[in-house]
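Commentary on secondary and tertiary structure
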Amino acid sequence: MNDFSLFIWFISYLFVIRITELIIAKTNENWMRRRGAIEFGASHYPYMVSMHILFFISLIFEKVFFNRGLAAVWPVIFTVFVLTQFLRVWVIASLGRYWNTKILVLPNAKVIMKGPYRFLRHPNYCVVSLEFIVIPLLFSAYYTFVVFSLLNLIILSVRIPEEEKALKSLTEYEGSFHAHKRFLPKLVK
């Protein structure tokens, strides 16, 4: 299999995963809204969605027009990618019906403190951030790597405080996560 065929298979896999996640998110959104969930951060959500769509467009464009091939250390990068996929599934499974792409909060809901949330406040954003790094680097798409890593940092600098503010206002989030850092894992209890 040549490098470009591998890229097509890889992108196809990512599209299937993202569509599946959107279906899960919509199902969870409907479930939460029926129980009185309140949405926060709706004003920045379209920018986040646009960034994710443009990421794929940029990645495909850069691969088609520059076709630099796989990174020299692709086995290492691919291993990191596979590990992020396991972490993504762990995040979604841990949050269950509460996992979403939007900031939806059920007033007085119990804060999830299982799975990767035992160690990190925002493991889902760690996964996304890692993907914005490893996916372009895997295919030597350096422009996509730089631009979207920076855009992701900008979006997360808005989204994470908004999400934490929402959770603090309607749940016991602050008390539950007082000893956890946003991205550095808590390794001891």
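Residues numbered from 1 in each chain as written. Predicted model: local features only at pLDDT ≥ 70, side-chain atom pairs only at ≥ 80, totals over all residues. Heavy atoms only, no water.

1. Quick notes on the overall build of the protein
Convention followed: The numbering of helices and of strands both runs from the N terminus, where a helix is a DSSP run of H or I of at least 4 residues and a strand a run of E of at least 2. What the globule rule says is 2.2 Å times the number of residues to the power 0.38, and the radius of gyration is computed from C-alpha atoms. Summary of the burial criterion: residues with accessible area below 20% of their type's maximum are buried, those above 50% are exposed, and those between are partly exposed, where the area comes from a 1.4 Å probe applied to protein chains only. Contacts between residues were defined by any pair of non-hydrogen atoms, one from each residue, lying within 4.5 Å.
When its secondary structure is counted, the protein shows six helices and two strands. In the protein, the succession of α and β elements from N to C terminus is α-β-α-α-β-α-α-α. Against the globule reference of 16 Å for 189 residues, the protein gives a C-alpha radius of gyration of 18 Å, in line with a compact fold. By principal-axis analysis of the C-alpha atoms, the protein measures approximately 50 × 35 × 25 Å. Counting across all 189 residues of the protein, residues that qualify as buried make up 43%. Across the protein, the fraction of contacts at a sequence separation of at least 24, relative to all contacts at a separation of at least 6, is 85%.

2. A closer look at the side chain of T144
With respect to the secondary-structure elements, T144 resides in helix α5 (residues 142-170). If near-sequence neighbours (up to four positions away) are discounted, T144 is found in contact with F55, S58, L59, E62, P136 and S149.

3. What to know about empty space enclosed by the protein
Operational definition: Think of a 1 Å grid over just the protein atoms. A cavity is a set of points where a 1.4 Å probe fits yet cannot get out, a pocket is an open set with protein on both sides within 12 Å along at least five of seven lines, and lining residues have an atom within 4 Å of a point. Grid points are joined across faces, edges and corners, and a volume is the space filled by probe spheres set on the points. Residue classes follow a fixed rule: Ala, Val, Leu, Ile, Met, Phe, Trp, Tyr, Cys and Pro count as nonpolar, while Asp, Glu, Lys and Arg count as charged, and any other residue, Gly among them, counts as polar.
Under the definition given, this model contains one cavity of 30 Å³ or more. Of the pockets and cavities examined, the largest cavity occupies roughly 60 Å³. Around the largest cavity, the lining residues are R18, H52, F55, F56, V128, E131, F132 and I135. Those elements giving two or more residues to the lining of the largest cavity turn out to be α2 (45-66) and α4 (123-138). With four residues, the single largest contributor to the lining of the largest cavity is α4. Within the lining of the largest cavity, the residues separate by chemical class into five nonpolar, one polar and two charged.

4. Focus on the layout of surface pockets
In this structure, the largest pocket occupies an estimated 1000 Å³ of space. W99, N100, T101, N124 and R159 are, among the 45 residues lining the largest pocket, the residues nearest its centre. Sorting the residues of the lining of the largest pocket by element identifies α1 (3-34), α2, α3 (74-95), β2 (103-105), α4 and α5 as the ones contributing at least two each. For the lining of the largest pocket, the leading source of residues is α2, giving seven residues. Residues of the lining of the largest pocket, tallied by class, amount to 29 nonpolar, seven polar and nine charged.

5. A short note on the packing of α4 against α5
For any two helices packed against each other, one specifies the inter-axial angle together with the distance between the axes. For the record, the criterion: Lines fitted to C-alpha atoms define the axes, with helix axes restricted to the stretch in contact, and inter-axis angles between N-to-C directions lie between 0 and 180 degrees. Under this scheme an angle from 65 to 115 degrees is roughly perpendicular, one under 35 degrees roughly parallel, and one over 145 degrees roughly antiparallel; angles in between are oblique.
Direction vectors running N to C along α4 and α5 enclose 175 degrees, while the axes themselves pass 9 Å from each other. When the axes of α4 and α5 are compared, the pair comes out roughly antiparallel. Each of Y125, V128, S129, F132, I133, P136 and L137 in α4 lies in contact with α5, whose residues at this interface are Y142, T144, F145, F148, S149, N152, L156, R159, I160 and E163. Here the contact of α4 with α5 is built from residues that sort into 11 nonpolar, four polar and two charged.

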